[in-house]
Amino acid sequence: MSEYDWTLMYVMHDALRRELEHLAKVTAREDDDPRRLLAAAAGWELFKVSLHAHHTAEDEALWPVLRGTLAGQADDLALLDAMEAEHAAVDPLIEAIDTGAEPVGELVDALATALTAHLAHEEKEALPLIDATLTPEQFQAFGQAHGRHVGPDAPRVLPWLLDGVDEETVATTLSVLPAPARTAFDTQWQPAYKALERWPAS
């Protein structure tokens, strides 16, 4: 049994996978310029903001902490190297989708391949290592780092994150918020998200 509750980690990963499917559909369209469509797509912006917050929190509050604990353990350190390298491979693809000269469809395929593989690698190999190594204080610090990097985007990111998630998971996720924020989620954030057209209609 897992030492820690990784529900939010899996919810984030599933949300990223969900949006990659939308991204592929938009960039496969032949009736418009895909870069123009993405530049105006709230779904693409939310994807980038959420992924950046997630990866930055890991880069700051997970991998360096684990390196300190696992010093001298070559296989474990190699896994951390792989996690960091996989993160580093994603950002240039996102930048190229927005501003590069390469065909967008090919870049989106590359992003989907790289990110999907990374998420699966992290879930299969890194999470068990993190679970066995992290102290409760370090786990809490990672959660705080994640929240800090989402920061002012929380009213947009949280409803996006919990789109399509079961009620129990929603309740678990929101339970860490102060009461005013939970109220705002129900009365303001969620209605605003539902009214948002994340991706252009096909």
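All values derive from a computational prediction rather than experimental measurement.

Caption draft 1: Molecular detail of the environment of valine 165. Counting through the fold element by element, valine 165 comes out in the loop between helix H8 (154-161) and helix H9 (167-174). Once the C-alpha coordinates of valine 165 and glutamine 188 are considered, the two residues, 23 residues apart in sequence, prove to be 18 Å apart. Here valine 165 is in contact with Val11 and Val170, once residues within four sequence places are set aside.

Caption draft 2: How the structure looks around the side chain of histidine 118. Considering the arrangement of structural elements, one finds histidine 118 in helix H6 (residues 104-133). For histidine 118, a relative accessible area of 1% corresponds to the buried category. At 3.2 Å, the side chain of histidine 118 and the side chain of histidine 87 are in polar contact. Residues within four places of histidine 118 in sequence aside, it is in contact with His55, Met83, Glu86 and His87.

Caption draft 3: View of H8. Counted residue by residue, H8 has six buried out of eight residues, so it is predominantly covered. For H8, the elements touching its buried residues are helix H1 (7-27), helix H3 (42-61), helix H7 (136-150), H9 and helix H10 (179-194).

Caption draft 4: Just the UniProt feature "domain: Hemerythrin-like" (unreviewed entry) in the chain, in detail. Taken from the UniProt record, the annotation "domain: Hemerythrin-like" (unreviewed entry) applies to residues 8-130. As annotated, residues 8-130 has a helix share of 86% and a strand share of 0%, and its two end C-alpha atoms lie 15 Å apart.

Cut-offs applied
Residues numbered from 1 in each chain as written. Predicted model: local features only at pLDDT ≥ 70, side-chain atom pairs only at ≥ 80, totals over all residues. Heavy atoms only, no water. Helix = DSSP H or I, 4+ residues; strand = E, 2+ residues; numbered from the N terminus. Contact = heavy atoms within 4.5 Å. Buried < 20%, exposed > 50% of the residue type's maximum accessible area, 1.4 Å probe, protein only. Polar contact = N/O pair within 3.5 Å; in protein donor to acceptor, adjacent residues only side chain to side chain. UniProt positions renumbered as here; feature names shortened; annotations may be inferred.

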